[in-house]
Amino acid sequence: MGPRRTNLALLIVLVAALATGGLAFAAGTGWARPVLVAHGLAGLAVLVLAPWKSVVVRRGLARRSGAGRWASVAFGVLVLAAVAAGLAHASGGALAGLGPVSAMQVHVGAALAAIPLLAWHAAARGGARPRRADLSRRALLRAGAVAGGAGLLLLAVEGATSLAGLPGARRRFTGSLPVAATVADPARIPVTQWLDDRVQVLDPAPWRLRVRAGPTTREWAYAELDAFGDRVEAVLDCTGGWYARATWEGVRLDRLLPSDAAGSVVVTSATGYRRRLPLADAGTLLLATRLDGRPLSAGHGFPARLVAPGRRGFWWVKWVTAIELDPAPWWRQPPFPLT
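Below, the structure is looked at part by part. (Residues numbered from 1 in each chain as written. Predicted model: local features only at pLDDT ≥ 70, side-chain atom pairs only at ≥ 80, totals over all residues. Heavy atoms only, no water.)

**With respect to the pairing of strand β7 (residues 274-278)**
The element β7 is extensively covered by neighbouring structure, given that four of its five residues are classed as buried. In this sheet, β7 lies alongside strand β6 (residues 264-269) in antiparallel orientation, the contact comprising five bridges. Paired with V265 across the two strands is L277, which belongs to β7. A loop of four residues connects β6 with β7, the two strands running antiparallel in sequence, and G272 in this loop sits at a positive phi of about 95°. (Buried < 20%, exposed > 50% of the residue type's maximum accessible area, 1.4 Å probe, protein only. Helix = DSSP H or I, 4+ residues; strand = E, 2+ residues; numbered from the N terminus. Pairing = 2+ DSSP bridges.)

What follows is the structure, given as structure tokens:
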């Protein structure tokens, strides 16, 4: 495979890895499984192409100097770090990581850091643009060979993980690893926040939940919400790479909203963090005040947090202070919170 086609193939698999990684990061239901498989195949295709790319790299480094050379080196290091961390997570190394940093965090962080360098690399290597000849029978056979090699690597990784009995063999369809094997061990559920949020320590006595539906607003005290006793067993699946199944108790959101409600439901935290959800889901969404029979800890969102079955952890808003009906559709928001 020549330098141009090697660079073009790498560009395609890296873009595919970023796209499928973003989808897998957001998905909390079963359709994430094929997306995750595609993500793994794209990442392992980088390793399949590595022998050809190493020749291109050696030639390029011999000719190039200055900032462009070091930018190329940094890009290569970030891509390899993302692939290595992904393999570490897939085998079950996500919870050990590097001190407080998990393999999944390294995987995602390296991939995000590589995006601007990928854009620069693609712009600087204009010769890697596709040509009509790239759709020839021979080129397609080469692409199939790369895909087949990636598939064999994926089977080898999965097989070795299962045979060795590593935690990765128990990954969920989202790729997350279990941290609490039973519903009776809530102490093992990690405490995490989105981006720069901090744990809020709220006094339940003055705390009130404000529920606004059009011109009507009602405030609920903690004791009132805690008295409902609705229960749901749900999986908290964190984008940090872990999941835990537990029983949550509180009140279903549809009990707090009028029967003629319309629009979408906006749930807001004491930190200002918020997510907009479909009103049709209100009967399955729970505003939890207890975890496995005990009041929530501050780290898990006391006095009340949202439990959103089938959605990833960033939908599970903690330290909820307001629930509002909004005429805008639920999807009119960034796919991931920006703050």
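Past the structure itself, the notes keep going.
**Digging into the sheet that holds β6**
The five strands lie next to each other as β3-β2-β11-β6-β7, forming an open sheet whose pairing is mixed. Strands at the two margins of the open sheet, each flanked by one partner only, are β3 (216-221) and β7. Ignoring strand direction, the axes of neighbouring strands in this sheet form an average angle of 15°. Looking at chain direction, strand β2 (residues 208-213) and β3 are connected through six bridges and run antiparallel. Bridge assignment links A213 to a residue of β3, and that residue is T216. (Axes fitted to C-alpha atoms, helices over the stretch in contact; angles between N-to-C directions.)

**A few points about the side chain of H39**
Within the secondary structure layout, H39 lies in helix α2 (residues 32-63). A distance of 2.9 Å separates a polar atom in the side chain of H39 from the backbone oxygen of A17. Apart from residues no more than four positions distant in its own chain, H39 is found in contact with A17, T20, G21 and H107. (Polar contact = N/O pair within 3.5 Å; in protein donor to acceptor, adjacent residues only side chain to side chain. Contact = heavy atoms within 4.5 Å.)

**Things to note about the packing of aromatic side chains**
With the rule as written, the count across this model stands at eight aromatic pairs. Among the aromatic residues, those joined into a cluster by ring pairs are F25, W194, F314, W315, W330 and F336. A cation over an aromatic ring shows up here: R275 above the ring of W315, its NZ or CZ 4.4 Å from the ring centre. Geometry around W330 places R311 over its ring, the cationic atom sitting 5.2 Å from the centre. (Phe/Tyr/Trp six-rings, centres within 6.5 Å; stacked < 30°, edge-to-face > 60°. Lys NZ or Arg CZ within 6 Å of the ring centre and 35° of its normal.)

The values reported here are purely geometric and, on their own, carry no functional implication.
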